[in-house]
Amino acid sequence: MARLVNLLYTELLKLKRSKMFFISILGSVVAPFMVVVASYVHMRTEDPAQLITFSEIFSDTNLYTVLIIGVPLYGVITAYLFSREYMEDTLKNLLTIPVSRINFIMSKLIILLMWIMLLTLVAWGLTLLLGILGQFQGLSTPLIVEYLGRFITGGVLVFILSTPIVLVAVVMKNYVPTIILTIVITLINVMSGNSEHRALFPWAAAGDIANGTLLPTYPAEISYTTIFATSIIGFIATIVYFKKVDIH
């Protein structure tokens, strides 16, 4: 346990000196700005009679964060966390301390969860702030709490689905394959947006679950099963591979 805590502390020190954290913050504000500003401009210029509510901007921002912005953004973060030691050729030195390989993976996953949740809260908070500045209608305490829960749910589900991306990062030891995978996932999310079968694709299902828009085509249990099965398979494969692979 003490070694895991030390690994977490080390990872936090690395982030303190890294520009990636600041860049990721900038990435997390894209969805709120895109949704809220576009909604405000549309409401003020094209259709002044239309009232766009807080519920709409929260829902749209959460959807974009989970399905469009979040997958590639969190994928880059995942690649950074799990490929950095390979790229800098420091992993072989780290593992001679000695450091448990499972603890090494777990420390990275914990940091990834914390990072994703922080960016999720930034997106939620900025949506709330911009909505207040834009004087959108329908703000209430129950709505704030409801969408805070939905944003957190979306962040947790995206984290749960990060294990296949972690596996690619660990196996390929490079940023590029991981980024390509996240782009493919994002494209599938976009293409399946109007499909009644999107609940079968884990990342698209995560977006529906986070926003409470699961279609009745399939039982909700199927969506949850595909998400957790994808996560567990990715996690087990990562652990098995990383424990057996030789670090040169």
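A quick note: this is a predicted structure, and the numbers were derived from the prediction, not measured. (Residues numbered from 1 in each chain as written. Predicted model: local features only at pLDDT ≥ 70, side-chain atom pairs only at ≥ 80, totals over all residues. Heavy atoms only, no water.)

**Notes on the side chain of Thr-163**
What counts here: A helix here means a DSSP run of H or I that spans at least four residues, while a strand means a run of E at least two residues long, and both kinds are numbered starting from the N terminus. Only protein chains enter the area calculation, which uses a 1.4 Å probe; residues under 20% of their type maximum are buried, those over 50% are exposed, and those in between are partly exposed. Pairs of N or O atoms within 3.5 Å make up the polar contacts considered here, provided that, within protein, one atom can donate a hydrogen while the other can accept it, and that residues adjacent in sequence are counted only when both atoms are side-chain atoms. In this analysis, two residues are considered to be in contact whenever any of their non-hydrogen atoms come within 4.5 Å of each other.
Tracing the sequence through the fold places Thr-163 in helix α8 (residues 163-172). By relative accessible area, Thr-163 is classed as buried at 7%. Within polar-contact distance, the side chain of Thr-163 engages the backbone oxygen of Ser-231 at 2.7 Å. Setting aside anything within four residues of it in sequence, one finds Thr-163 in contact with Thr-230, Ser-231, Gly-234, Phe-235 and Thr-238.

**Some points on unusual backbone geometry**
Residue Gln-135 is not a glycine yet carries a positive backbone phi of 60 degrees. You can see Gln-135 is positioned in the loop between α6 (101-133) and α7 (141-160).

**Some details on helix α9 (residues 175-191)**
This is how it is decided: Here the expected span of a helix is defined as 1.5 Å times the quantity of residues minus one. Along the arc lie the directions from the helix axis toward the C-beta atoms.
The end-to-end C-alpha distance of α9 is 25 Å, a good match for the 24 Å that 17 residues give at a rise of 1.5 Å each. Within the sequence span of α9, burial applies to Thr-178, Thr-182, Ile-185, Thr-186 and Asn-189. The arc that holds every buried residue of α9, seen down its axis, measures 100 degrees, which confines them to one face. More than 90 degrees from the buried face of α9, the exposed residues found are Val-190 and Met-191.

**Topic: the pattern of salt bridges**
Our working rule: Any carboxyl oxygen of Asp or Glu within 4 Å of a side-chain nitrogen of Lys or Arg constitutes a salt bridge here.
Per the counting criterion, the structure on display carries 2 salt bridges. The partner of Glu-146 in a salt bridge is Arg-150, with the nearest N and O atoms 2.9 Å apart. Of this pair, Glu-146 and Arg-150 are both found in helix α7, 4 residues apart, which corresponds to roughly one turn of the helix. Residue Glu-146 is classed as partly exposed on the basis of its relative accessible area, which comes to 36%. The shortest N-O distance in the salt bridge between Asp-208 and Arg-198 comes to 2.6 Å. Here Asp-208 is found in helix α10 (residues 202-211), whereas its partner Arg-198 is found in the loop between α9 and α10, with 10 residues between them in sequence.

**A closer look at the environment of Asn-103**
Looking at the element boundaries, Asn-103 is found in helix α6. You can call Asn-103 partly exposed: its relative accessible area is 22%.

**Remarks on the confidence of the model for the chain**
Put simply, the test is: Values of pLDDT, which run from 0 to 100, indicate the predictor's confidence residue by residue.
When pLDDT is averaged along the chain, the result is 86, and 86% of the positions lie at 70 or above. Here helix α5 (residues 91-94) is the element of the chain with the lowest mean pLDDT, 54, and α7 is the one with the highest, 95.

**Comments concerning the nonpolar core**
In plain terms, the rule: Residues grouped as a nonpolar core are buried Ala, Val, Leu, Ile, Met, Phe, Trp, Tyr and Cys residues, joined through side-chain atoms within 4.5 Å.
If you look at the biggest cluster of nonpolar residues, it comprises 39 residues, and the most contacted ones within it are Tyr-74, Ile-77, Leu-81, Phe-82, Ile-105, Trp-115 and Ile-227. With 17 residues, the next largest nonpolar core counts Val-29, Ile-52, Leu-143 and Phe-151 among its residues.

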